[in-house]
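Here is how the chains run, residue by residue.
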2 protein chains.
Amino acid sequence: MRSNNHVVIMAGGVGSRFWPMSNVDKPKQFLDLLSTGRTLIQMTVDRFMGICEPENIWVVTSADFKDLVREQLPLLPEENILLEPCRRNTAPCIAYVSWVIKSLNPNANIVVSPSDHVVADTATFKKAVGECLSFVSTSDAIVTLGMKPDHPETGYGYIEADLTCATVINKNIFRVDSFKEKPSLDLAKQYIEKPNFFWNSGLFVWNVNTIVNAFRVYRPEMSALFESIRDFYRTPREQESIDRIFPQCENISVDYAIMENADEIYVYPAEFGWSDLGSWSSLHKLLPKDQYNNAKVGSNIKTFETQNCIIHTSSEREVVVQGLDGYIVVEKDNTMLITKLSEEQRIKLFHD
Amino acid sequence: MRSNNHVVIMAGGVGSRFWPMSNVDKPKQFLDLLSTGRTLIQMTVDRFMGICEPENIWVVTSADFKDLVREQLPLLPEENILLEPCRRNTAPCIAYVSWVIKSLNPNANIVVSPSDHVVADTATFKKAVGECLSFVSTSDAIVTLGMKPDHPETGYGYIEADLTCATVINKNIFRVDSFKEKPSLDLAKQYIEKPNFFWNSGLFVWNVNTIVNAFRVYRPEMSALFESIRDFYRTPREQESIDRIFPQCENISVDYAIMENADEIYVYPAEFGWSDLGSWSSLHKLLPKDQYNNAKVGSNIKTFETQNCIIHTSSEREVVVQGLDGYIVVEKDNTMLITKLSEEQRIKLFHD
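Rules of the game
Positions within a chain are numbered from 1, following the residues in the order the chain's sequence is written. Written order determines the labels here, with chains lettered from A and ligands numbered from 1. Two thresholds apply to this predicted model, a pLDDT of at least 70 for residue-level local features and 80 or more for giving and counting side-chain atom pairs, whereas whole-chain, interface and lining totals are computed over all residues. By convention in this description, side-chain values take in all heavy atoms of the structure and omit both hydrogens and water. When DSSP finds two or more bridges between a pair of strands, those strands are recorded as paired. Runs of E in the DSSP output that reach at least two residues are strands. Runs of H or I that reach at least four are helices, and both are numbered from the N terminus. Think of each axis as a best-fit line through the C-alpha atoms, taken over the contacting stretch in the case of a helix, with angles from 0 to 180 degrees between the N-to-C directions. Alignment of the copies relies on least squares applied to C-alpha atoms, considering only residues that score at least 70 for pLDDT in both. One speaks of a salt bridge when a side-chain nitrogen belonging to Lys or Arg is within 4 Å of a carboxyl oxygen belonging to Asp or Glu. Categorising residues by exposure relies on relative accessible area from a 1.4 Å probe, with only protein chains included: less than 20% of the type maximum marks a residue as buried, more than 50% marks it as exposed, and the intermediate range marks it as partly exposed. Any pair of cysteine sulfurs within 2.5 Å is marked as a disulfide. Contact between two residues is taken to exist if any of their heavy atoms lie within 4.5 Å; hydrogens are not considered. Throughout, buried area stands for the accessible area (probe radius 1.4 Å) lost by two parts on being put together, summed over both. Classification of ring pairs uses Phe, Tyr and Trp, with its six-membered ring standing for Trp, and accepts pairs whose centres are within 6.5 Å; under 30 degrees between planes counts as stacked, over 60 as edge-to-face, and the remaining range as tilted. Remark: a charge is flagged as sitting over a ring if the NZ atom of Lys or the CZ atom of Arg is within 6 Å of the ring centre and within 35 degrees of the ring normal. In this scheme the handedness of a crossing depends on how the near helix is turned from the far one: anticlockwise by less than a right angle means left-handed, clockwise means right-handed. Asp, Glu, Lys and Arg are counted as charged, while Ala, Val, Leu, Ile, Met, Phe, Trp, Tyr, Cys and Pro are counted as nonpolar; the rest, among them Gly, fall into the polar class. This arc corresponds to the set of directions leading from the helix axis out to the C-beta atoms. Polar contact is defined as a pair of N or O atoms within 3.5 Å, subject to the rule that within protein one atom must be able to donate a hydrogen and the other to accept it, and that residues adjacent in sequence are counted only when both atoms are side-chain atoms. As a per-residue quantity, pLDDT reports the predictor's confidence and falls between 0 and 100.

1. Comments concerning the sheet that holds strand 15 (residues 318–322) of chain A
On the basis of which strands lie adjacent, the open sheet formed by six strands has the order 13(A)-15(A)-17(B)-16(B)-14(B)-12(B) and mixed pairing. Either end of the sheet is taken by a strand with one partner, and the two such strands are strand 13 (300–304) of chain A together with strand 12 (295–297) of chain B. Pairwise comparison of adjacent strand axes, ignoring direction, gives a mean angle of 5° for this sheet. Here strand 16 (residues 327–332) of chain B runs beside strand 17 (residues 335–340) of chain B; their pairing, made up of six bridges, is antiparallel. Within the sheet, the bridge partner assigned to I328 of chain B lies in strand 17 of chain B and is T339 of chain B.

2. Observations regarding the relation of the copies chain B and chain A
One copy of the chain maps onto the second through a rotation around an axis plus a translation along that axis. Superposing chain B onto chain A takes a rotation of 179° plus a shift of 0.1 Å along the axis, which leaves an RMSD of 0.1 Å. The superposition of one copy onto the other is thereby described by a two-fold rotation axis.

3. Description of the pattern of salt bridges
Residue and element names in this part refer to chain B. Applying the stated criterion across every chain yields a total of 34 salt bridges over all chains. Across the salt bridge formed by D46 and R38, the nearest N and O atoms sit 2.8 Å from each other. Accessibility expressed as a relative area gives 30% for D46, which makes it partly exposed. A relative accessible area of 34% means that R38 is categorised as partly exposed.

4. Some points on unusual backbone geometry
All names here are of chain A. A cis amide bond links W19 to the next residue, P20, at an omega of 5°. One non-glycine residue, N89, adopts positive backbone phi at about 65°. Mapped onto the fold, N89 is located in the loop between strand 3 (81–84) and helix 3 (90–104). Of the residues examined, N89 reaches a relative accessible area of 41% and is grouped as partly exposed.

5. Observations regarding the pairing of strand 9 (residues 197–207) of chain B
Residues and elements named next belong to chain B. Strand 9 sits mainly inside the fold: 11 of its 11 residues count as buried. Where strand 4 (residues 109–114) lies against strand 9, four bridges are found, and the strand directions are antiparallel. Within the sheet, the bridge partner assigned to V111 lies in strand 9 and is V205.

6. Looking at the state of the cysteines
All names here are of chain A. Overall, the coordinates contain zero disulfides over all chains when judged by the stated rule. C165 takes part in no disulfide bond, and the closest cysteine sulfur to it belongs to C132, at a distance of 17 Å. For C165, a relative accessible area of 41% gives the class partly exposed.

7. Topic: the interface of chain B and chain A
Contact with chain B, which involves 29 residues of that partner, is made by 29 residues of chain A. It is Q322, M336 and I338 of chain B in chain B that bury the most area against chain A; as a group they hold 26% of the surface buried on that side. Our count for the contact surface shared by chain B and chain A stands at four salt bridges. Here R317 of chain A makes a salt bridge to E331 of chain B, at a shortest N to O gap of 3.9 Å. The element that contributes the greatest number of residues to the side of chain B that touches chain A is strand 17 of chain B, accounting for six residues.

8. Let's talk about the packing of aromatic side chains
Under the counting rule described, the total for this entry stands at 32 aromatic pairs over all chains. Measuring from centroid to centroid gives 4.6 Å for Y191 of chain B and F197 of chain B, while their planes differ by 20°, and the two rings are stacked. On the basis of relative accessibility, which here comes to 8%, the residue Y191 of chain B falls in the buried class. Aromatic pair F204 of chain B and W206 of chain B: ring centres 5.7 Å apart, planes at 10°, arrangement stacked. The class of W206 of chain B is buried, set by a relative accessible area of 0%. One aromatic cluster is present, built from ring pairs that chain together Y96, W99, F215, F226 and F246 of chain A. Cation over ring: R47 of chain B sits above F125 of chain B, and NZ or CZ is 5.7 Å from the ring centre. Taking NZ or CZ as reference, R237 of chain B lies 4.3 Å from the ring centre of F232 of chain B, over its face.

9. Let's talk about the packing of helix 3 (residues 90–104) of chain B against helix 7 (residues 220–228) of chain B
Residues and elements named next belong to chain B. The interhelical angle for the contact between helix 3 and helix 7, taken along N-to-C directions, is 35°, at an axis separation of 10 Å. Helix 7 is crossed by helix 3, and the crossing has right-handed handedness. From helix 3, A91, P92, A95, Y96 and W99 reach across to helix 7, where they touch M222, S223, F226 and E227. For the contact of helix 3 with helix 7, a count of residues per class yields seven nonpolar, one polar and one charged.

10. Digging into helix 6 (residues 208–218) of chain A
Among all positions of helix 6 of chain A, only V208, T210, I211, V212, A214 and F215 of chain A are buried. The secondary structure elements touched by the buried residues of helix 6 of chain A are helix 3, strand 4 (109–114), strand 6 (142–147), strand 9 (197–207), helix 7 (220–228) and helix 9 (254–259) of chain A.

11. Quick look at helix 8 (residues 238–245) of chain B
Helical periodicity: at 3.6 residues per turn, an α-helix aligns residues three or four positions apart in one direction. Residue and element names in this part refer to chain B. Burial in helix 8 covers these residues: E238, S241, I242 and I245. The arc that holds the buried residues of helix 8, viewed along the axis, is 100°, so those residues lie on one side. Of the surrounding elements, those touching the buried residues of helix 8 are strand 3 (81–84), helix 3 and helix 7.

12. Digging into the side chain of N56 of chain B
All names here are of chain B. Its place among the elements puts N56 in the loop between helix 1 (40–47) and strand 2 (57–62). Judged by its relative accessible area of 11%, N56 falls in the buried class. Within the structure, the side chain of N56 is placed 2.9 Å from the backbone oxygen of N5, a separation counted as a polar contact.

13. Some words on the confidence of the model for chain A
In this model, chain A carries an average pLDDT of 94, and 99% of its residues clear a pLDDT of 70 or more. Note on the complex model: pTM 0.83, ipTM 0.82.

14. A word on the sheet that holds strand 17 (residues 335–340) of chain A
Taken in spatial order, the six strands make up an open sheet running 12(A)-14(A)-16(A)-17(A)-15(B)-13(B), and their pairing is mixed. The two strands at the open ends of the sheet, each matched to only one other strand, are strand 12 (295–297) of chain A together with strand 13 (300–304) of chain B. Across the sheet, the mean angle from the axis of one strand to that of its neighbour is 5°, orientation sign disregarded. Relative to strand 16 (residues 327–332) of chain A, strand 14 (residues 310–312) of chain A runs parallel, the two being bridged by three bridges. Along strand 16 of chain A, the bridge assignment pairs H312 of chain A with V330 of chain A.

15. Regarding the environment of L337 of chain A
In this fold, L337 of chain A is placed in strand 17. A residue is classified by how much of its surface remains accessible, and L337 of chain A, at 0% relative accessible area, is buried. Each C-alpha atom, one on L337 of chain A and one on P288 of chain A, is 21 Å from the other, the two residues being 49 residues apart in sequence. Once residues lying within four places of it in the same chain are set aside, the contact partners of L337 of chain A are W19, P20, I328, V329, V330, I347 and F350 of chain A together with V320 of chain B.

16. Notes on the pairing of strand 9 of chain A
All names here are of chain A. Relative to strand 9, strand 6 is paired through four bridges, and the arrangement is antiparallel. Considered in strand 9, the bridge of G146 is made with N200. For strand 7 (residues 158–166) and strand 9, the ladder comprises three bridges, and the chain directions are antiparallel. The residue bridging E160 from the neighbouring strand is F197, located in strand 9.

In structure tokens, the structure reads:
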């Protein structure tokens, strides 16, 4: 059974919200943002240990990041790093790896995970993923992991479930009624009052035939492209074939391409301390804080009359901050950013 | 006449108010704080050009700073850099250089200047210094340059002059009634209402016999020490002799040792845009500002909703500041400081 489980880690993101910590040369997933000694992609792989062997772990990323992945994940076989020649969102990424895995094992069960999220409770995470993999091994279901919301977050999509009807095989898994886009604050407040609304974590579980068939039904053109090179997967001609067809793929997320169209969508509600770490504010929540609610990453940071700040610097740097309330202070290499936490959505604009 | 004029630049200060721009390895006088391409000591020497030749310019500094002085003032003869083996305030510094100059030229007229002040109007400065040198060449007067105050500064000492009685030789020079220590704000406000109160600029002019005699009268012990090694000035044994006697000197400023005791003290009131550049606030006043009253030194600084700030960084660094009002942001090498301008007196304490 073990050998049928595969983990797919999507690592092509080029986040700019954590500038100047992250940048186009080293996006968020390759950074040790929590200062644990492990980068986010390393922590992602770590939490799948026991779910499958390293040879069944796949990373799909930009060709630009191949060296970073090899350096940070030395246990991963080099041929398990799939390289996208250009950015086309998550649907072509998942299609590519699904056709590859199908060529090796038509009985594969797959969990797809972002590379830059955080999970606090790894044991609960593993239990949830394990149950979902087991579920899809005997069904054609598409399963998403839904997170029980604890605040009216407007930065996440929501899943509306039908809690009246658990599946026969696993009573923790429910039918999805609908997917909701990132809501307004008012709507988010309504959502979290209801017991059947969950955050969409971006974690998906399915067997390889289910997802390949879903592409064939809902994205026949994309499907035809990946089908056209089926003789070349896992051969010396795979990369050149991908480099040729990938740019022709529609630029679309798997949520839009598949999830919102398919009928048999299920959700596994879980609580394992999940965060997509999508902003400095969410990082501030996760980091240890001093008595004034300051999160400090760096070995030589002194604060005076300073509260509710996140201060993130190179470890060897001496930093003194006086008189700030609710600010981000970041310093990396040759860049420095000081901005109100409340204005963090504008960070992308600051350095264009 | 020209060859009797000497300029003495006191460059032993170890300012910590401009940390992290300045530090014990490179105090303020060796920094290009105004971003003009010239350090403060270079600008100081520049403004004496025409007053005397480089061979009559003297720098008294700590032995630690000899290389910095040579590097920054390459036109100065190496033997004109006098090295103090330890810090003893300005009186021993001035005594040392006075005994040296007297050994070379008993008819010398001397202007003594701090190395880290700023003068905006060099032409007026030169005219004032020239008149004072001319005045002391024919009198035993001790002359100070007094600055016409334009605000009730509490960081400066004040000079009370007797404006009813100009000297016969130069009608711009007046007797000093008294020196006033740094006043309270209330007192400073009273001072600047009166036409005969001036800031003490720390610029002194006298002939070499006047100052040597003043030391003999008012500081006989210190005088005896410098007299005891008179055979060794300008010989290979000068440094070892100084290294021996200097630590025995009283640690005292020339203001306390001489000025407040001597009878024949005069002041030349002047307005040449002088600042002792004693704080970030005073630097902020002197630097060019953008329309939001921000002074920015650095080639890649962007500000948003930011006003009344001084931002001083290494030129190659990219800096983004959002949402600050009235702050100092400084970055140098491996240190960074963010503090309210109103709290700048505490900077020394921040990095102890």
